[in-house]
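Each chain, letter by letter, is given below.
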Amino acid sequence: MKYLNFKVPSEEGKESSKTSALEKILVWILEKFIPKANPDFDTKYDDVETWFIEYDEENDYTNREIGLDKDGHVVVLGPFQSNLGYWVDNDFTLQNYEDHFDVQYIDKAVFEELWREIETKQANEYREMFGLL
């Protein structure tokens, strides 16, 4: 496994595209028939500033991902419950990451610690929800 992180390139200076009414209708129709890959996170991907990726270089695919916002809070991760994950659901190779982003390789322990924090937080939220704390 390889562990990496990268910042999302800034969108400054790019023109925002306006979605036409027809495009919105087509998307709405498609969403009714095709299940979303990331139903809990689709609206949060624009908030991601930094990605942490676990990449399986032996089998050539993204295994897990964590997305942090500008304040360092986890806003997306995958796979998680009914969410496949943005990068997990794409066919990006390690070379693609290196070609498109300023990739920094990190130690496995850094990724695992962040993942454990998420799992612990989730477990505590469930315990609190069900009055087990």
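This one's a predicted model, so the numbers in the text were calculated from it and none came from an experiment.

### Section: the nonpolar core
By size, the foremost hydrophobic cluster in this structure holds 26 residues, and its most contacted members are Leu-4, Phe-6, Trp-51, Ile-53, Ile-66, Trp-87 and Tyr-97. Elements that contribute at least two residues to this core include exactly β1 (2-7), β2 (50-56), β3 (61-68), β4 (74-78), α2 (94-100) and α3 (108-129). Each residue touching Trp-51, except ones within four places of it in the same chain, is listed here: Leu-4, Asn-5, Phe-6, Val-8, Tyr-45, Glu-65, Ile-66, Gly-67, Val-76, Tyr-86 and Trp-87.

### Some words on the side chain of Glu-54
Structurally, Glu-54 is set in strand β2. In terms of polar contacts, Glu-54 uses its side chain to reach the side chain of Tyr-3, at 2.8 Å. Discounting chain neighbours no more than four positions away, the residues touching Glu-54 are Met-1, Lys-2, Tyr-3, Thr-62, Asn-63, Arg-64, Phe-111 and Glu-112.

### What to know about the pairing of β3
With respect to burial, β3 is a largely interior element, six of its eight residues being buried. In this antiparallel pair of consecutive strands, β2 and β3, the connection spans four residues, and Asp-60 shows a positive phi of 60 degrees. Pairing analysis gives four bridges linking β3 to β4, with the strands arranged antiparallel. Note that in β4 the partner of Glu-65 across the bridge is Gly-78. The hairpin formed by β3 and β4 contains five residues between the paired strands, and Gly-72 there has a positive phi angle of roughly 85 degrees.

What counts and how
Residues numbered from 1 in each chain as written. Predicted model: local features only at pLDDT ≥ 70, side-chain atom pairs only at ≥ 80, totals over all residues. Heavy atoms only, no water. Core = buried A, V, L, I, M, F, W, Y, C linked by side-chain atoms within 4.5 Å. Buried < 20%, exposed > 50% of the residue type's maximum accessible area, 1.4 Å probe, protein only. Helix = DSSP H or I, 4+ residues; strand = E, 2+ residues; numbered from the N terminus. Contact = heavy atoms within 4.5 Å. Polar contact = N/O pair within 3.5 Å; in protein donor to acceptor, adjacent residues only side chain to side chain. Pairing = 2+ DSSP bridges.

The values are spatial; any link to function lies outside them.
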